[in-house]
Each structure stands twice: as C-alpha cells, then as structure tokens.
2 protein chains.
Amino acid sequence: MNEEKALRDRGIKVTPQRIEILSVLKNTREHPGVDQIYSQVKEIFPAISLATVYNTVELFTQEGLIQEIRLARGFSRYDGSVGSHPHITCLKCGKVEDIEELKVEMLASSVEKSTGYEVLKEEIMYFGYCHECKRLDN
Amino acid sequence: MNEEKALRDRGIKVTPQRIEILSVLKNTREHPGVDQIYSQVKEIFPAISLATVYNTVELFTQEGLIQEIRLARGFSRYDGSVGSHPHITCLKCGKVEDIEELKVEMLASSVEKSTGYEVLKEEIMYFGYCHECKRLDN
DNA sequence: GTGGGTGCAAATAATTTGCATTACT
DNA sequence: AGTAATGCAAATTATTTGCACCCAC
C-alpha cells in the first residue's frame, strides 16, 4: 500500500528492501520472526542479508512503525500492528495471536498511579495451548 | 530459612549451592539477574561457576520455585516470589519492581474464554521511568 | 556528490553443553 | 555404591558490528 509514504513521512530513507520488509509485516497476522521475514523478502530480493533485516526491524521498532514481541529467551517476533494489545502464544505449535477482546487501556494509568512511574510501554503476554493443540491431546 | 526443605519436598537433590541460590532469591526484592546471583553466592562459595547458577535457576523455574522475568533481549532476571503478578522496570536505571496493587486474576480467565486457549502462564510487564529517574530530568 | 544503506563475514554476549571430578542419598 | 551436581572450558545461537561498495537524495 503506502509503505513508502510511511517511511518518507518519518524521514527514513526509502529503499526497496525497507518497503518490502514493512509490507511483509503490514500484510500478515502471523507475527513473523526475523528468519521468516528474511525468507519472504528473499523471494523478491535474493541478495538481501539477514543483517539488513535485523537492522531494519530494529529501526522500525524505534520509529514506532512496528512492535517487537519478545517470546522465549533468544527469539523475538514482530507485529505490524502498532497499538498496544495483549498477545497469546501456543507453547506447542509456537503460533502467536493478538488478543483484541481484552481491554487493558485502563491498567496503564492505574499502574502509573500506584507506582509513581511514567509508563511508556506495556507487554501483556499469555502462554498456553491453542484449541488445535489441545485437541491432539499433548 | 527452610530452603532445604523446599528442595527436599520436591525431590530435588540438596546441595549447599542450591540452598544458597534459593536463599538469595527468597531474601531480596531486587529481582537479580544471573550475574548478580553469581556475585552474591560467590562470596560464600568462591569456586561456584556461572554454569551452575544458570542450570540452577533453570531448574528452579521449571519446578516453580522461582519465576523468570524476561527483560530486554538477552537478559533475564529472577523473582523468588512465585505468584503471578505484574512487574515494572525503569528504562533508565534498570530496576525491576513488583506491582502488587494491580489485580489481574480475572484477566486470565477472560483470555481463556475469548481465545479458546488453555492458559498456563502470563507475563505482564510495564516499562517507563521511575520516580527517582524522572526527577533527574531527561 | 555525499551520507547513509546494504551485503558479507567476523565479532559479541548470554546461555548451554560435554566431560572429568566431587558430593548427595 | 551409584547417580546426579559441580566446575571448567568450549560450543551454541540470536544478534551486532566493521567495512567496502552502491544507491537514494
């Protein structure tokens, strides 16, 4: 869509690789990791390097274009939807899903009041077994 | 106190290193990382190795004796208080605190209902600036 | 034209693992 | 005695960085 505009609006230099990485993230609900982004972008830019993907998702995260979801130690995934919302991940199949239904807006201000912190960011993550994986026993 | 009993009750082999590591975690509110646990235990067992600390906190986490708090990529801290409760960390000084006041028990069951997952674990983490660090401008 | 981005390979850093030795039950 | 834990050092793995070349502005 307008990934190029999103970059230009923030004064980020526009490159085809960046447009493609942003596009991948904006057009999936899969919450891909760096490897998955890399594989997908590679189909269009076979020469792209993993380092570029790492650098780019880091830049986009700083700029608030995407958000990082930190799963188990040593593995992050990325979400093109940037509003703060909880996530849930299946401990068996590894899938990550958004939880739209859970309203948590009021929690942050309650936290500010009770802790005296200025709150900038929240991460609400649930871990369990998804419907599919529950069915297959365990 | 009764760290030895806590280990024995779970059928975990009791060693002085394990008692000491558990004791460190049960007697602080600092949410120390592996390095901090290592330094502190080293005062009593100068020969202890980092690997032992890593292995032990992993074991204790599995056994539910402590809980892991995953901060930025590549850094975990540990909490001797094992009930599920939110945490808040200061982006400037790195301190981690418990948020006792925030009641989140009802959220998990609401998540189970809306997602169809069987929820086993939750992580609720806030990031911001603590009272101290806010005062020093920036 | 110039500064910043990309691709490559080497470097980093937290964590883990293999193995010989030592300690718990 | 037998099994499992410890300490050490080497291995692992996600991520990062240095650098030469190329591209967007």
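Going by the structure above, here's the rest.
Cut-offs used in this document
- Residues numbered from 1 in each chain as written.
- Chains lettered and ligands numbered in written order.
- Predicted model: local features only at pLDDT ≥ 70, side-chain atom pairs only at ≥ 80, totals over all residues.
- Heavy atoms only, no water.
- Pairing = 2+ DSSP bridges.
- Helix = DSSP H or I, 4+ residues; strand = E, 2+ residues; numbered from the N terminus.
- Axes fitted to C-alpha atoms, helices over the stretch in contact; angles between N-to-C directions.
- Contact = heavy atoms within 4.5 Å.
- Buried area = accessible area lost by both parts, 1.4 Å probe.
- Salt bridge = Lys/Arg side-chain N within 4 Å of Asp/Glu carboxyl O.
- Polar contact = N/O pair within 3.5 Å; in protein donor to acceptor, adjacent residues only side chain to side chain.
- Nonpolar A, V, L, I, M, F, W, Y, C, P; charged D, E, K, R; others polar.

*Asks:* Mind laying out the sheet that holds strand 5 (residues 118–129) of chain A, listing which residues take part and the relevant values?
*Replies:* Here six strands make up an open sheet; going across it, the order is 4(A)-3(A)-5(A)-5(B)-3(B)-4(B) and the pairing mixed. The open sheet terminates on both sides in strands that have one partner only, identified here as strand 4 (96–98) of chain A together with strand 4 (96–98) of chain B. In this sheet, adjacent strand axes meet at a mean angle of 25° when their direction is disregarded. Sheet analysis places strand 3 (residues 87–90) of chain A next to strand 4 of chain A, joined by three bridges and oriented antiparallel. Bridge pairing in strand 4 of chain A links A:I88 to A:E97. Against the sheet, helix 5 (residues 105–115) of chain A engages strand 5 of chain A together with strand 3 (87–90) and strand 5 (118–129) of chain B, with an angle of about 120° to strand 5 of chain A. On the sheet, helix 5 (residues 105–115) of chain B packs against strand 3 and strand 5 of chain A together with strand 5 of chain B and is oriented at approximately 120° with respect to strand 5 of chain B.

*Asks:* Account for the interface of chain B and chain A, with residues named and values stated.
*Replies:* Contact residues are listed per partner, giving 37 residues for chain B and 37 residues for chain A. Between chain B and chain A, a total of about 3,200 Å² is buried, with carbon and sulfur atoms accounting for 59% of that surface. Scanning the region where chain B abuts chain A turns up zero salt bridges. Where chain B touches chain A, the interface holds 17 residue pairs in polar contact (both at pLDDT 80 or more). For the side of chain B that touches chain A, the secondary-structure elements that each account for two or more residues are strand 3, helix 5, strand 5 and helix 6 (131–135) of chain B. Taken together, the residues of the side of chain B that touches chain A break down into 19 nonpolar, seven polar and eleven charged. Relative to strand 5 of chain B, strand 5 of chain A runs antiparallel, the two sharing eleven bridges.

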